[in-house]
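Read off the chains here:
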Amino acid sequence: MNKIWAGLIIVSFLFAIGSDIRDEWFNIHKNGNPIEVMVVNENAISFEQNIVSAKLVGEKGIQELVLSYSDSWPTKFVENAELRGKARETLRLTVVSQKGDQISALLPQVHVVKLRAITTAAFDMAETAVKIAIGLIGVMALWLGLLKIAEESNLVRRLVKFVHPLIGKLFPDIPKDHPALANISLNLTANILGLGNAATPLGIKAMEELQKLNKNSDTASDAMCMFLAINTSSVQLLPPVTLVALMGVGVSELMVSITLATIISTVVGISGALYFRRKSRKMEANYA
Amino acid sequence: MLNVLSILILPIMIVGIILVGLIKKVPVYESFVSGAKEGFDIAVRIIPYLVAILFAIGMFRASGAMDFLIYLLSPVFSWMGVSPEIIGMAIVRPLSGSGSVGILADLITQFGEDSLVVKMAATMFGSTETTFYVIAVYFGAVGIKKVRYALKVGLMADFTGIVASILISLWLFS
């Protein structure tokens, strides 16, 4: 996990640098190549048949065309602003020369596009992470509240008795009547019914119970790995709400393919977890 | 029919649990609130883990490395007779849930709901979960930093799910 995480970041950085260096080498953004515009009147110029409102400022020798943002800007101007991370802001072109109504001007230079992009992404995503977490609070509160009621009505205990023979073998480390099994079953049931929102808080509850059984508090136990394997391979017999929303009626047809694929991935996930569990037990035995 | 069932389950569960609680003389309102309180703590505990995952993946996508990967893998997919656009979903699915939704929505606009690409992408979407997100949230909530083989197994399951989706879609829908 450490290597993959660091790898993603380092690769992104290298890619961004490489991409920007390549842009400079081949002058992809054509910095230093002037564009040609025609003066229409005091307040407007035309560029490739687009009329853009613009003001000529400065004195002879050092003049600029100041373009205020408008929705009808030609693509080239919009792109220039966006690549520089200054979308929708006023554009200032440096005038190179003027022959009567024709002005030759330079767009602002475009550099380090990708480096800027990854930096923006990093900070935007950090913000997004918090938004997601805060969004989760409501859903979690709802389901954990309902779960508490179910626990106190003994619904949960009855569910365990029903489910234990089925999944007990996958989690041999969990003692027979431990609440962990109940929460795991609830999480799996929610997943099967396509209730992703409910499954997450239930899954977290299950992890909390598993953590109580865990000997090393910062390391994943075998039961946790198995639980994760089943969860991430996604056990769903009813379509997830998102899919119903996006695909409409066509979902029924998809359920066949989805169910087949999900069964295969779950079987692989469970087998993988069992295999690595046995492997890690053997290694422990060798060191003992 | 399936749609009706999908939508019915939630309200039935909610009301059902509360009714059973009432019958068993559980103080439903008070229990609900005491259970719900934990929601806040858990959500906040997850934040550092989510930040770690999302910012790494965000950088990866913004740098163009992802597009490059897709470009490298296109020939393989074209050879199989599958639209290369599906690669986007195959790569993003284990990385980001909202990203996958975005890609699916985009594919639907481009190709329509009845196209092979969309059906294949939807199958991929429904058959696996976002491994990195699940690890961040589930392990993060209890403070687990060493994941051992969980990541390996998760990615194995994802990979299998994706390959299975491709093959099954080719078999059923083309």
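Model, not experiment: these values are computed from the prediction. (Residues numbered from 1 in each chain as written. Chains lettered and ligands numbered in written order. Predicted model: local features only at pLDDT ≥ 70, side-chain atom pairs only at ≥ 80, totals over all residues. Heavy atoms only, no water.)

1. Quick notes on the layout of surface pockets
Unoccupied space between atoms shows up once a probe the size of one water molecule is rolled over them. Of the pockets and cavities examined, the largest pocket occupies roughly 980 Å³. In this structure, the largest pocket is lined by 39 residues; those nearest its centre are A:Gly196, A:Asn197, A:Thr200, B:Glu129 and B:Tyr133. For the lining of the largest pocket, the elements supplying multiple residues, two or more each, are helix H3 (113-152), helix H6 (196-213) and helix H8 (241-247) of chain A together with helix H3 (38-62), helix H6 (97-111), helix H7 (116-127) and helix H8 (131-142) of chain B. In terms of residue count, H3(A) provides more of the lining of the largest pocket than any other element does, six residues in total. Residues that form the lining of the largest pocket fall into these classes: 19 nonpolar, 17 polar and three charged. (1 Å grid on protein atoms, 1.4 Å probe; cavity = no way out; pocket = protein on both sides within 12 Å on 5 of 7 lines; lining within 4 Å. Points joined across faces, edges and corners; volume = space filled by probe spheres on them. Helix = DSSP H or I, 4+ residues; strand = E, 2+ residues; numbered from the N terminus. Nonpolar A, V, L, I, M, F, W, Y, C, P; charged D, E, K, R; others polar.)

2. A few points about the confidence of the model for chain B
All names here are of chain B. On average, residues of chain B carry a pLDDT of 85, and 98% of them reach 70 or more. At the low end of the mean pLDDT range in chain B sits H6, at 80; at the high end sits helix H2 (residues 28-36), at 92. The ipTM value of the predicted complex is 0.80, and its pTM value is 0.76. (pLDDT = per-residue confidence, 0-100.)

3. What about empty space enclosed by the protein?
One pass over the full model with this rule turns up one cavity of 30 Å³ or more. Lining the largest cavity, in full, are A:Leu170, A:Phe171, A:Pro172, A:Asp173, A:Asp222, A:Ala223, A:Met226, A:Ala273, A:Leu274, A:Arg277 and B:Tyr149. Going through the elements one at a time, helix H7 (222-232) and helix H9 (251-287) of chain A are the ones with two or more residues in the lining of the largest cavity. Grouping the amino acids of the lining of the largest cavity by side-chain chemistry returns eight nonpolar, no polar and three charged.

4. Remarks on the pairing of strand E1 (residues 35-41) of chain A
Residues and elements named next belong to chain A. Direction of pairing for E1 relative to strand E6 (residues 102-106): antiparallel, over a ladder of four bridges. Residue pairing for E6: valine 37 is matched across the bridge by isoleucine 103. The loop that links E1 with its antiparallel partner strand E2 (residues 44-47) comprises two residues. (Pairing = 2+ DSSP bridges.)

5. Points about the packing of aromatic side chains
Enumeration over the complete set of coordinates arrives at nine aromatic pairs over all chains. Each ring, one from A:Phe227 and one from B:Tyr138, has its centre 5.9 Å from the other, and the planes form 20°; the classification is stacked. Here the residue A:Phe227 occupies a position in helix H7, and B:Tyr138 occupies one in helix H8, the pair thus bridging two chains. This pair shows no difference in class: A:Phe227 is buried, exactly as B:Tyr138 is. Ring geometry for A:Tyr275 and A:Phe276: centres 5.2 Å apart, planes at 70°, overall edge-to-face. (Phe/Tyr/Trp six-rings, centres within 6.5 Å; stacked < 30°, edge-to-face > 60°. Buried < 20%, exposed > 50% of the residue type's maximum accessible area, 1.4 Å probe, protein only.)

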